[in-house]
Amino acid sequence: MEELDADDEEEDQVLPDLPGAEDVDQVRMRLAPNPNGPWHLGNARMPAVIGTYKELYDGWMLCRFDDTDPETKRPDLDAYDAIIDAIEYLGFAPDEIVRASDRLEIYYDHARELIDLGGAYTCSCPADQFSDLKNHGKACDHRDKDAETVRSEFDAMVDGEYDAGEMVLRVKTDIEHKNPALRDWVGFRMIDTPHPREAAAEYRCWPLLDFQSGVDDHLTGITHIIRGIDLQDSAKKQRFLYEYFGWEYPEVIHWGHVQLDEYDVALSTSTIKELVESGELDGWDDPRAPTIASLRRRGIRGEAIVDAMIELGTSASNVDLAMSAIYSHNRDLIDDETDRAFLVRDGDEHGGGAVERALRGGPDAGHPPVHPEHEDRGRREIPVEDGVLVEATDLPPEGERVWLKGYGCVRHTSDGFEYVGADLDVTREEDVDIVHWVPAADNVPVRLRTMDGDVDGYGEPGVGSYDAGEMLQFERVGFVRVDAAPTDAVERAVTYYAHN
RNA sequence: GCUCCGAUAGUGUAGUCCGGCCAAUCAUAUUGCCCUCUCGAGGCAAUGACCGGGGUUCAAAUCCCCGUCGGAGCACCA
């Protein structure tokens with residue numbers, strides 16, 4: 001029997017068809033992160049799009065750490081796991097994980113083969129000198145060396161007999177190519193600094209991305225490369241390599257840069273790293289950091305990020321991703337299952353500060369629903385005791401009434417609030433506002449951490465019983481993730497603001 | 001300077017390859033109304049775009065040319 005699992009979710013496939021997908025047995029793609037730090041939000045596009053294509057085409061996905069630069073973009077040993085973790089949080093799992101720094105011998109073998117094919121030469125020109133020649137379409141003397149000499153000099157590179165800057169292996173392309181970027185590019189160079197991974201610490205001769213990635217893509221049977229526009233010329237460089245080896249170059253899609261609104265911090269691993277190290281950010285998960293860890297801590301689901309990334313498509317133009325798109329998807333995902341609670345904010349910025357008013361004449365407690373659309377989930381119990389706190393801007397002028405949500409209508413007098421047994425209709429017909437409140441005594445101090453700084457306030461008693469990781473909606477404030485529940489030692493709950 | 005890429009409402013996107021059904025899709029955003037014991041959700045409505053100029057054609061968002069603007073590469077970074 002055919003299974004009838006048909007998720008009738010008729011998903012309006014947002015991503016464009018993958019070119020050439022029908023011509024291959026299996027769509028094989030790779031994520032090729034540089035593990036030089038934890039991921040920022042822009043990095044999420046790679047797994048979001050590639051992972052979604054994998055699902056769409058029943059394909060295969062490799063995660064290959066392109067960690068071949070022990071110096072300038074030095075790998076961060078914690079980033080390898082942090083990146084895998086981020087991919088999983090986004091809802092994807094690589095079929096295989098490799099590190100380029102484990103594969104040096106493979107690159108060396110291919111370099112030797114390329115040398116024998118006459119496709120590469122060792123070159124000791126200083127960089128600026130070669131650049132000068134190249135820009136004028138002129139070859140250097142090293143270009144005509146015989147394969148024998150090149151072989152032995154390359155072996156000497158591998159053996160670490162040169163210092164950084166003394167010798168490189170160039171791939172012979174077309175020194176007069178009309179695009180200067182493609183002329184005889186460097187395939188291998190010497191680096192004195194040991195790689196941070198112990199297994200790779202002895203190597204001194206390192207391939208550059210165009211060589212390493214080109215070889216690996218072929219060896220791992222990649223059929224589709226999807227990456228940023230900054231690597232546009234890379235495909236053109238690598239085609240020379242593929243031609244020497246008689247390989248077929250994969251389909252390639254280049255997308256533009258992503259920018260985010262709402263953040264002051266640039267979407268750049270090195271910038272964020274500096275701010276974290278200098279202490280300007282509390283860490284990679286600081287709410288002000290445009291990182292995956294930050295959104296995660298705020299309770300934004302990976303799926304919401306993926307949905308928003310997918311909507312960007314794969315166009316080559318630069319795009320501005322609106323955080324509101326992520327928030328909107330997240331709200332869709334969590335609204336139905338998130339419990340409601342009251343938070344009265346203190347401080348001038350929001351609500352004008354918490355103000356206390358005595359309350360008399362009414363019931364002992366308010367009972368607003370846990371979720372307005374799900375009466376079956378029960379009602380909260382919020383005692384009023386001797387008084388309540390409301391936000392100053394919610395306080396009506398003396399003599400006027402206000403509706404304490406889940407409790408009832410009260411009149412503001414010089415003595416505080418006086419309960420008036422009114423019908424809910426007054427909120428509709430007589431302009432009585434409905435406001436949130438908490439008991440003046442039996443409440444839970446709450447810190448709300450936001451992109452714009454911390455806000456302190458008071459939560460209703462039940463807030464204290466939520467565990468770290470759970471979501472709440474503070475009514476009329478927004479959705480938050482409980483980051484730390486109150487303990488015997490610390491009576492305050494810490495929450496992170498997600499969105500309204 | 002050389003080479004390459006891109007340009008549809010505030011944002012993202014569909015349509016562009018194979019010109020007409022596009023007085024331009026959908027989402028988000030903003031605003032208003034309805035509904036609701038939240039400023040959430042839901043419903044309805046409004047706002048809002050084919051970068052400019054030429055050309056081809058009966059007909060151009062779509063094809064051609066010239067500009068303009070934006071981006072990328074020209075590294076012994078990825």
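Residues numbered from 1 in each chain as written. Chains lettered and ligands numbered in written order. Predicted model: local features only at pLDDT ≥ 70, side-chain atom pairs only at ≥ 80, totals over all residues. Heavy atoms only, no water.

Enquirer: Explain the pattern of salt bridges to me, and be specific about the residues and the numbers.
Expert: Evaluation of the coordinates by the stated rule reveals 35 salt bridges. Salt bridges linked by common partners bring Arg-30, Arg-64, Asp-66 and Asp-217 together as one network. (Salt bridge = Lys/Arg side-chain N within 4 Å of Asp/Glu carboxyl O.)

Enquirer: Tell me about helix α6 (residues 209-219), residues and numbers included.
Expert: In terms of residue burial, α6 counts as a mostly covered element, since eight of its 11 residues are buried. Turning to α6, its buried residues number three or more, namely Asp-210, Phe-211, Gln-212, Ser-213, Gly-214, Val-215, Asp-216 and Asp-217. (Buried < 20%, exposed > 50% of the residue type's maximum accessible area, 1.4 Å probe, protein only. Helix = DSSP H or I, 4+ residues; strand = E, 2+ residues; numbered from the N terminus.)

Enquirer: Describe the protein's contact with RNA strand B, listing the residues and the values that go with them.
Expert: In the vicinity of RNA strand B there are 53 residues, among which Lys-73, Arg-189, Glu-373, Lys-405 and Arg-476 approach most closely. Within 4 Å of the protein, the atoms of RNA strand B are drawn from sugar and phosphate moieties in a proportion of 72%. One nitrogen or oxygen atom from the main chain of Cys-125 is found 3.1 Å from a base nitrogen belonging to RNA strand B. At 2.9 Å from a base nitrogen of RNA strand B is found a side-chain nitrogen or oxygen belonging to Gln-473. Counting residues per element, the ones that place at least two in the surface near RNA strand B are α4 (127-135), β6 (186-190), α7 (232-245), β11 (319-321) and α11 (323-334). When residues in the surface near RNA strand B are grouped by element, the largest group, four residues, is from α4. (Near = heavy atom within 4 Å. Polar contact = N/O pair within 3.5 Å; in protein donor to acceptor, adjacent residues only side chain to side chain.)

Enquirer: Can you explain the domain arrangement of chain A? Please cite residues and give values.
Expert: Interface size, as often reported, equals the accessible area lost upon joining of the parts. Under the domain assignment used here, chain A contains domain 1 (103-207) and domain 2 (339-499). Here the C-alpha centroids of domain 1 and domain 2 sit 68 Å apart. (Domains from an automatic or database assignment.)

Enquirer: Any chance you could break down the environment of Val-410 for me, citing the residues and the numbers?
Expert: With respect to the element layout, Val-410 can be found in strand β19 (residues 408-413). Residue Val-410 is classed as buried on the basis of its relative accessible area, which comes to 0%. Here the alpha-carbon distance between Val-410 and Ala-422, two residues 12 residues apart in the chain, equals 8.5 Å. Excluding residues within four positions of it along the chain, Val-410 makes contact with Leu-359, Glu-400, Arg-401, Val-402, Leu-404, Phe-417, Glu-418, Tyr-419 and Val-420. (Contact = heavy atoms within 4.5 Å.)

Enquirer: Which residues make up the state of the cysteines, and what values do they have?
Expert: Counted under the stated rule, the structure contains zero disulfides. Looking at Cys-125, it has no disulfide partner, and the nearest cysteine sulfur is the one in Cys-123, 3.6 Å off. (Disulfide = S-S within 2.5 Å.)

Enquirer: I'd like a description of the layout of surface pockets, backed by residues and values.
Expert: Empty space within the largest pocket amounts to approximately 1300 Å³. The wall of the largest pocket is formed by 44 residues, among which Asn-34, Asn-43, Lys-73, Asp-230 and Leu-231 lie closest to the centre. At the level of elements, α1 (45-57), β6, α6, β8 (224-228) and β10 (258-260) are the ones that each hand at least two residues to the lining of the largest pocket. Top element by residues in the lining of the largest pocket is α6. It accounts for four residues. (1 Å grid on protein atoms, 1.4 Å probe; cavity = no way out; pocket = protein on both sides within 12 Å on 5 of 7 lines; lining within 4 Å. Points joined across faces, edges and corners; volume = space filled by probe spheres on them.)

Enquirer: Which residues make up the sheet that holds strand β13 (residues 343-345), and what values go with them?
Expert: Picture the strands of a sheet paired through backbone hydrogen bonds; they go either parallel or antiparallel. As summarised here, the arrangement of the seven strands in space is β12-β25-β26-β27-β23-β24-β13, forming an open sheet in which the pairing is mixed. One side of each edge strand has no neighbouring strand; the edge strands of this open sheet are β12 (339-341) and β13. Here the average twist between neighbouring strands, direction ignored, is 40°. As paired strands, strand β25 (residues 471-474) and strand β26 (residues 478-484) are joined by four bridges and run antiparallel to one another. What sits directly across from Gln-473, in β26, is Phe-479. Contacting β25, β26 and β27 (493-499), α11 crosses the sheet at an angle of about 120° to β27. (Pairing = 2+ DSSP bridges. Axes fitted to C-alpha atoms, helices over the stretch in contact; angles between N-to-C directions.)

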